[in-house]
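Analysis of the macromolecular model
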Amino acid sequence: MANYIMPGRLDRIFNRYQDELEAKALEVLRSGRYVLGPEVEGFEQEFAAYTGSGYCVGLASGLDALWLAFRVLGIGSGDEVIVQANTYIASVMGITINGATPVFAEPDAFYNLDVSGLEDLVTEKTKAVLAVHLYGQASDMEGILRFCQKHHLRLVEDCAQSHGSRFQGRMTGTFGDIGCFSFYPSKNLGAYGDAGAIVTDDADIAESMRIYRNYGSEKRYYNKVVGANSRLDEIQAGLLRVRLRHLTELTEERRELADRYNRELRNERILLPQVRAGCDSVWHQYVVRCSGRDELIQYLDRQGIGTIIHYPVPPHLSEAYAYLGHKKGEFPIAEKYADTVLSIPIYNGMTADEQGYIIETLNSFR
Ligand SMILES: *Cc1c(COP(=O)(O)O)cnc(C)c1O
């Protein structure tokens, strides 16, 4: 179909900033520096400043940011980490790569960690909470911080979907010991390949992270720990600097798109996303719920509108985690979300006509 509306359109952002992006890519190619150079340093400084963090360390992906965060905090075999049951599976892999055990918690009405269920999950093995700011909305950081302080737990934030999102005015990623970011191309701050980073206020954590990302060496060929190759490259860092310069306006555009959906979508069968008081969303996804979800997907597809389910299989029911021994029905809220959520198209560069058509089509679903 010629006018099929895809769930995402990364070419629209590229086209908007094409001159700046191409100039930066050429500049790096001609510089002779390709991995961990001045662009990486520049991006780290600028992203730390953007989030209001003391330090940023560029890495190769969001998953690396997560698993290296737990590694640097010394969390591994025999330890438990609390995480919401409705997250993207990479959050959970960040825990299990280290040999630690994920302890799943039910999500709240905003798709984030439900603080009211946390007390029941604590054991003497609990070492940390991983708060995932899912779909772009900040979690209830007041409740989560209080819980972590009470039980002396580490707090790691998965900000792969929440670049620039705030809780009571403060940016996600700055509440915990470590904030983990992905710059996968489809994220709100997206590179043109894989990239990631952590932010922290702790100089020692930042230093450890720099060592871990480069085979565990501070000085070349002298290795302190068994590290990883998780270096950020100069082209991605340079392109991220260009994108970061425009992130505020790009986020504002997403908010305007979401506001219009919130105002104009009206269908008794479709539940719209809610934003908690004191939180905001950068609308990484615009997620609706519908009991006839699969019917809705077919209907929208026939009308030329593409959608995605984030996510159809909750990690505890994934084949990859069969070894944890969870059963269907154990996390009814997370499972209900998996069966009913649907992300409708929201992307920078969406035209008013495209959005009008999506709204009209959704409102006519019977
Ligand atoms: C994308 C994503 C990740 C993983 O990031 P990659 O850069 O793809 O490794 C982790 N957690 C969440 C919530 C994500 O959306």
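See the structure printed just above.
Everything in this summary refers to the structure shown in the same document. (Residues numbered from 1 in each chain as written. Predicted model: local features only at pLDDT ≥ 70, side-chain atom pairs only at ≥ 80, totals over all residues. Heavy atoms only, no water.)

Moving on to the overall build of the protein chain. Tallying secondary structure elements over the protein chain gives twelve helices and 13 strands in all. Taking 21 Å as the expected radius of gyration for a compact globule of 366 residues, we find that the protein chain reaches 21 Å, a close match to that expectation. Overall size of the protein chain, expressed as C-alpha extent along the three principal axes, is 65 × 55 × 35 Å. With 366 residues in all, the protein chain has 57% of them scored as buried. The contacts of the protein chain with a sequence gap of at least 6 include a subset with a gap of at least 24, amounting to 71%. Entry remark: accessible area of the protein chain is about 15,800 Å², with carbon and sulfur atoms responsible for 50%. With 38 positive and 49 negative side-chain charges, the protein chain shows a spacing of 1 Å between the two charge centroids. (Helix = DSSP H or I, 4+ residues; strand = E, 2+ residues; numbered from the N terminus. Rg over C-alpha atoms; globule rule 2.2 N^0.38 Å. Buried < 20%, exposed > 50% of the residue type's maximum accessible area, 1.4 Å probe, protein only. Contact = heavy atoms within 4.5 Å. Areas by Shrake-Rupley, 256 points an atom, 1.4 Å probe, with all protein chains shown as cover. Lys, Arg positive; Asp, Glu negative; His and termini not counted. Charge placed at Lys NZ, Arg CZ, Asp CG, Glu CD.)

In terms of residue burial, strand β2 (residues 80-84) counts as a mostly covered element, since five of its five residues are buried. Of the two faces of β2, both are covered, the one formed by Glu80, Ile82 and Gln84 as well as the one formed by Val81 and Val83. Where β2 meets strand β3 (residues 101-105), five bridges bridge the pair, whose relative direction is parallel. Bridge pairing in β3 places Gln84 opposite Ala105. In this view, the connection linking β2 to its parallel neighbour β3 by way of helix α5 (residues 89-96) has right-handed handedness. Sheet topology places β2 next to strand β4 (residues 126-132); four bridges connect them, and they run parallel. Considered in β4, the bridge of Val81 is made with Ala128. (Pairing = 2+ DSSP bridges. Right-handed = clockwise from strand over helix to strand, strands pointing away.)

The next subject is the environment of Ile13. Locating Ile13 in the fold gives a position in helix α1 (residues 10-16). Every residue in contact with Ile13, bar those within four places of it in the chain, is listed here: Tyr192, Arg243, Leu250 and Asn348.

Read from one edge of the open sheet, seven strands run β1-β9-β8-β5-β4-β2-β3, paired in mixed fashion. The open sheet has two free edges, formed respectively by β1 (55-59) and β3, since each of these has just one partner strand. For this sheet, the mean inter-axis angle between neighbouring strands, taken without regard to orientation, is 25 degrees. Helix-sheet contacts for helix α6 (residues 141-150) involve β2, β4 and β5 (154-158), and the interaxial angle to β5 is about 150 degrees. (Axes fitted to C-alpha atoms, helices over the stretch in contact; angles between N-to-C directions.)

Let's shift gears to the environment of Gly278. Along the chain, the position of Gly278 falls in the loop between α9 (247-264) and β12 (286-289). Separated by 138 residues in the primary sequence, Gly278 and Asp140 have C-alpha atoms spaced 8.6 Å apart. Ignoring anything within four residues of it in the chain, the contact list for Gly278 reads Arg166, Phe167 and Gln168.

Turning our eyes to something else, we now look at helix α10 (residues 293-302). Within α10 the residues assigned to the buried category are Arg293, Leu296, Ile297, Tyr299 and Leu300. Burial along α10 is one-sided: seen end-on, the buried residues are contained in an arc of 165 degrees. Each element contacted by the buried residues of α10 is listed here: α11 (332-340), β13 (341-344) and α12 (352-363). After α10 finishes, the residue Gly304 shows a positive phi value of roughly 85 degrees. (Arc of directions from axis to C-beta.)

Right, let's talk about the pattern of salt bridges for a bit. One pass over the full model with this rule turns up 20 salt bridges. Among the salt bridges present, the one from Arg213 reaches Glu44, with a minimum N-O distance of 2.9 Å. Separated by 169 residues along the polypeptide, Arg213 in the loop between α7 (203-212) and β10 (217-219) and Glu44 in helix α3 (residues 38-51) bring together distant segments of the chain. Notably, a salt bridge pairs Asp177 with Arg154, separated by 3.0 Å at the nearest N-O pair. Highlighted residues: Asp177 in the loop between β7 (170-171) and β8 (178-182) and Arg154 in strand β5, separated in sequence by 23 residues. The partly exposed category is assigned to Arg154, whose relative accessible area is 34%. Among the charged side chains, a network of salt bridges with common partners joins Lys24, Glu27, Glu39, Glu46 and Arg241. (Salt bridge = Lys/Arg side-chain N within 4 Å of Asp/Glu carboxyl O.)

This paragraph deals with the pairing of β8. Put simply, side chains in a regular strand alternate between the two faces of the sheet. Burial of β8 is extensive: five of the five residues sit out of reach of the surface. Every second residue of β8 is oriented toward a common face, with Ile178, Cys180 and Ser182 on one face and Gly179 and Phe181 on the other, all of them buried. With three bridges connecting them, β5 and β8 associate as parallel partners. For Glu157, the partnering residue across the bridge sits in β8 and is Gly179. Here β8 pairs with strand β9 (residues 196-200) via four bridges, running antiparallel.

Looking now at the packing of helix α4 (residues 62-72) against α5. Relative orientation of the contacting elements α4 and α5 amounts to 35 degrees, with a least axis distance of 7 Å. Judged by the twist between their axes, the crossing of α4 over α5 is right-handed. Each of Leu63, Leu66, Trp67 and Phe70 in α4 lies in contact with α5, whose residues at this interface are Ala90, Ser91, Met93, Gly94 and Ile95. Looking at the contact of α4 with α5 residue by residue, the class counts come to seven nonpolar, two polar and no charged. (Left-handed = near helix turned anticlockwise from the far one by under 90°. Nonpolar A, V, L, I, M, F, W, Y, C, P; charged D, E, K, R; others polar.)

In the vicinity of the ligand, 13 residues are found, and the nearest of them are Gly62, Asp158, Gln161, Ser182 and Lys187. Between an oxygen atom of the ligand and a side-chain N or O atom of Lys187, the distance comes to 2.7 Å. With the chains in place, 91% of the 380 Å² that the ligand exposes on its own is no longer accessible. Among the elements of the structure, α4 and α5 are those that each provide at least two residues to the shell around the ligand. (Near = heavy atom within 4 Å. Polar contact = N/O pair within 3.5 Å; in protein donor to acceptor, adjacent residues only side chain to side chain.)

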